[in-house]
Amino acid sequence: MNRPQRQQPPPYGIVFNWDGTPPGYLDLPYSADDQLDVIYAPVKNTQVGAVFWCLSTHEAAWPSDTLSVVGDAEDRRYSTVKGMRRAEGIRALFDRREDFYGKLVARGHDMGLDVYASVRMNDNHFWSDSGRRAPPLAPEDMAATTRPGLTQLRKDHPKWTIGVDNGPLWAATSWNVAIPEVRDHLFQYISEACAQANWDGVELDWQRHAFHLPETDAYQLRYTLTDLVRAVRGMGDGISEERGTPFYVATRVGASRETCRRIGYDVETWVQEGLCDIVATNANSGTDPGVEIEEYLDMMRDTGVTLYPSFDSHGETGTGRLAPTGTWMEAWYRGLAQGYYRRGAAGIHIFNWHATADSRRSLLTTIGSPDTLDRTNKVYAAVKRIMRPRSEIRYGAERDDRLLGEVPVALYRTLTGECPLFHVDVHDDVAAEDEAGHLESISLQIELNHLSPADILEVDLDGTTLGTPEVTNTAAVDTSIPTDVAESSWFVWHLTPSQAALGRHEIRVRLIERDPRIRPELVLENVEFHVKYKR
């Protein structure tokens, strides 16, 4: 088919999605300039090329004659001080006729940044009370419930939601986007949001939260999500034509094509028909490192659409490692970014990185380009599928995330010596770095839970059985643990550059003998390569 010819967005390096919470950071009263100082402090003099400002999805964060305005759902009597400051601060800005969003865009442009309006397509943060203690909210309970963002429109139309039989219980009150009236409402919201300023574009954030259609027939109903994306594209083209400059459309979807199919995202149609300019990928909950870069790039060939894999602030926390949590997390993000660039991604999308002027600077000044990632410490890890227990209120949040996660996995003796296989891609040319004298060390680290000294295991790296590892119990690392022995231990092998060469590596872990005195299963939690450089 003939795709419309549109100008491509410039390369951004890093896209920083601000989730809209800074208006709750400051005490009242505050000015638009006070807010802008907070918003732009984390990205000033970094590799961020675009800010996506979240305007939520429930209540209008602007004066509206047709939509509920922030604070209306609670009758302006708030459950938290932060919620009060956010809603009342925004309302005060507009009561004083301050052009907050116009100033937001102008400040970004002065800094050389593009600024998009970002809309969460189905945010469901009102699933429980503020303490997360109550059971998940059911559609029939909405009418008698007061919570932030729970608008009268949703209360009046419980049948417009997913319902308790069509997805995780905590997401039962999510909009069912197949309902025409829901799409009418969302399109009205997006249209009003886009009219608030001279935005460079709009982001449709489908992944916060990713429950839009009944799970039994989401794939069949995917055309209804495409309907809304197509309408937004048309609206954006109208804005572009009116002002004579581009108006871009970004979408945030799942990390894999299978994830997108399950949820109902027909990304291939969106790309091939030019309904979007940028595709960002991530999990519904946390960071999904299993981004199918090659599959997306194949889909995008000759379309001009660009790919930005995303990092979240939740999910894998880095606790329980042999390195400090912050040190491990930064190295893991850098390893992911290096891999994404080597495989062809255009840049990195950041989501939910609540930040100050200094808190994220070491990453925001390095992960925006492969050049600044050179000779920085990195962790390359097997994909971990994190699933919360059924007892937690948000059980099912990770339903479609990290579908091909290889860890954690229980280790059992087998009849034929069969054992789990793990894949880790190393994207540093450690041999060349070693020859140049920059490399300090490379190690393979494997975490095991409930390991006994009597357990016998065999570990192969690329078909070669490794020797005896160093074994470190995490109680010896984290002295705050009040016991002498923790349930987590790490196997560590120090590798040569040839053992951790650029490319994919296969690790097999075979249980030969299990200590019969230990009741729990022996669980392999993590498989990681650690690359360190001289300083």
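Let me begin by describing the structure that accompanies this report. (Residues numbered from 1 in each chain as written. Predicted model: local features only at pLDDT ≥ 70, side-chain atom pairs only at ≥ 80, totals over all residues. Heavy atoms only, no water.)

All right, on to the overall build of the chain then. Across its full length, the chain carries 13 helices and 18 strands. Relative to a compact globule of 535 residues, whose C-alpha radius of gyration would be 24 Å, the chain shows 24 Å and is just as compact. Projecting the C-alpha coordinates of the chain onto the three principal axes gives extents of approximately 70 × 50 × 50 Å. Taken across its 535 residues, the chain has 56% of its residues classed as buried. By sequence separation, contacts in the chain at least 24 residues apart represent 78% of the contacts at least 6 residues apart. Taken as a whole, the chain presents about 22700 Å² of accessible surface, with 49% of it coming from carbon and sulfur. Side chains of the chain give 56 positive and 79 negative charges; the mean places of these two sets differ by 2 Å. (Helix = DSSP H or I, 4+ residues; strand = E, 2+ residues; numbered from the N terminus. Rg over C-alpha atoms; globule rule 2.2 N^0.38 Å. Buried < 20%, exposed > 50% of the residue type's maximum accessible area, 1.4 Å probe, protein only. Contact = heavy atoms within 4.5 Å. Areas by Shrake-Rupley, 256 points an atom, 1.4 Å probe, with all protein chains shown as cover. Lys, Arg positive; Asp, Glu negative; His and termini not counted. Charge placed at Lys NZ, Arg CZ, Asp CG, Glu CD.)

Glancing now at the side chain of Arg183. Secondary-structure assignment places Arg183 in helix 5 (residues 180-194). Excluding residues that lie within four positions of it along the chain, Arg183 makes contacts with Val177, Ala178, Thr224, Asp227 and Leu228.

Looking now at unusual backbone geometry. In this structure, His209 follows Arg208 across a cis peptide bond, with omega equal to 0°. For His209, the position within the fold is in the loop between strand 4 (201-205) and helix 6 (222-243). In this model, Val407 is joined to Pro408 through a cis peptide bond whose omega is 0°. Along the chain, the position of Pro408 falls in the loop between strand 9 (378-381) and strand 10 (409-411). One non-glycine residue, Arg97, adopts positive backbone phi at about 60°. Of note, Arg97 is situated in the loop between helix 2 (81-95) and helix 3 (100-110). The backbone phi angle of Asn352 is positive, close to 65°, even though this residue is not glycine. Turning to its location among the elements, Asn352 is positioned in the loop between strand 8 (348-351) and helix 11 (361-364). Accessibility expressed as a relative area gives 4% for Asn352, which makes it buried.

To continue, consider the pattern of salt bridges. Side chains that carry opposite charge are capable of pairing whenever their charged atoms lie near each other. For the coordinates displayed, the defined rule picks out 35 salt bridges. Put simply, Arg399 and Asp400 hold a salt bridge, and the shortest N to O gap is 2.9 Å. Classification of Asp400 as buried rests on a relative accessible area of 5%. A network of salt bridges, in which partner residues are shared, links Glu215, Glu258, Arg261, Arg262, Arg399 and Asp400. (Salt bridge = Lys/Arg side-chain N within 4 Å of Asp/Glu carboxyl O.)

Taken as a whole and judged by the stated rule, the model has 23 aromatic pairs. Consider the rings of Phe16 and Trp18, whose centres lie 5.6 Å apart with planes at 70°: the pair is edge-to-face. By relative accessible area, which is 1% here, Trp18 ends up buried. Taken together, a centroid distance of 6.1 Å and an interplanar angle of 35° make the contact between Trp206 and Trp270 tilted. (Phe/Tyr/Trp six-rings, centres within 6.5 Å; stacked < 30°, edge-to-face > 60°.)

This brings us to the sheet that holds strand 14 (residues 464-465). Taken in spatial order, the four strands of this open sheet run 11-17-13-14, and their pairing is antiparallel. Lying at the two open borders of the sheet, with one neighbouring strand each, are strand 11 (421-426) and strand 14. Looking at chain direction, strand 13 (residues 456-461) and strand 14 are connected through two bridges and run antiparallel. Considered in strand 14, the bridge of Leu461 is made with Thr464. (Pairing = 2+ DSSP bridges.)

With that settled, the discussion passes to the nonpolar core. Ranked by internal contacts, the top residues of the largest apolar core, which has 98 residues, are Tyr101 and Trp199. Element by element, the count of residues in this core is highest for helix 10 (residues 325-343), at nine residues. If near-sequence neighbours (up to four positions away) are discounted, Tyr101 is found in contact with Trp53, Leu55, Ala61, Trp62, Phe94, Gln196, Ala197 and Trp199. Listed in part, the 30 residues of the second largest apolar core include Tyr380, Val430, Leu522 and Leu524. (Core = buried A, V, L, I, M, F, W, Y, C linked by side-chain atoms within 4.5 Å.)

This paragraph deals with the packing of helix 1 (residues 32-40) against helix 3. Between helix 1 and helix 3, the least distance of the axes is 10 Å, while the angle of their chain directions is 45°. If you check the angle between helix 1 and helix 3, you find them oblique. Pair helix 1 / helix 3 crosses with right-handed handedness. The residues of helix 3 that touch helix 1, namely those facing Ala32, Asp33, Gln35, Leu36, Asp37, Ile39 and Tyr40, are Phe100, Lys103, Leu104, Arg107 and Gly108. (Axes fitted to C-alpha atoms, helices over the stretch in contact; angles between N-to-C directions. Parallel < 35°, antiparallel > 145°, perpendicular 65-115°, else oblique. Left-handed = near helix turned anticlockwise from the far one by under 90°.)

A few words now on the pairing of strand 5 (residues 248-253). Burial analysis of strand 5 places six of its six residues in the buried class, which makes it a mostly covered element. Residues Tyr248, Ala250 and Arg252 line one face of strand 5 and the alternating positions Val249, Thr251 and Val253 line the opposite face, and both faces are buried. Here strand 4 runs beside strand 5; their pairing, made up of five bridges, is parallel. Among the inter-strand pairings, Asp205 is bridged to a residue of strand 5, identified as Arg252. In this view, the connection linking strand 4 to its parallel neighbour strand 5 by way of helix 6 has right-handed handedness. (Right-handed = clockwise from strand over helix to strand, strands pointing away.)

Now for the sheet that holds strand 5. Backbone hydrogen bonds are what pair the strands of a sheet, in a parallel or an antiparallel way. Read around the barrel, eight strands follow the order 1-2-3-4-5-6-7-8 and close on themselves; strand pairing throughout is parallel. Going across the sheet, the axis of each strand differs from the next one's by a mean of 25°, ignoring polarity. Sheet topology note: the strand 3 (residues 114-120)/strand 4 ladder contains five bridges and is parallel. Within strand 4, the position partnered with Tyr116 by the bridge is Gly201. The strands touched by helix 10 are strand 7 (306-311) and strand 8; relative to strand 7, the strand with the most contacts, the crossing angle is about 170°.

A few words now on the environment of Pro497. Summarising the element assignment, Pro497 is placed in the loop between strand 16 (488-494) and strand 17 (503-513). What Pro497 contacts, discounting residues up to four positions off in sequence, is Val430, Ala431, Asp434, Leu439 and Ile442.

This brings us to helix 6. Helix length check: helix 6, at 22 residues, gives a terminal C-alpha distance of 32 Å against a target of 32 Å (1.5 Å per residue), a fit within 8%. In this fold, the buried residues of helix 6 make contact with helix 5, strand 4, strand 5, helix 7 (257-263) and helix 8 (267-272). A positive backbone phi angle near 80° is found at Gly244, which sits one or two residues after helix 6. (Expected span 1.5 Å × (residues − 1).)

Inspection of the secondary structure puts Thr173 in the loop between helix 4 (152-156) and helix 5. If near-sequence neighbours (up to four positions away) are discounted, Thr173 is found in contact with Asn124, Phe126, Leu137, Ala138, Pro139, Met142, Arg154 and Thr161. Side-chain polar atoms of Thr173 contact the side chain of Asn124, separated by 3.1 Å. (Polar contact = N/O pair within 3.5 Å; in protein donor to acceptor, adjacent residues only side chain to side chain.)

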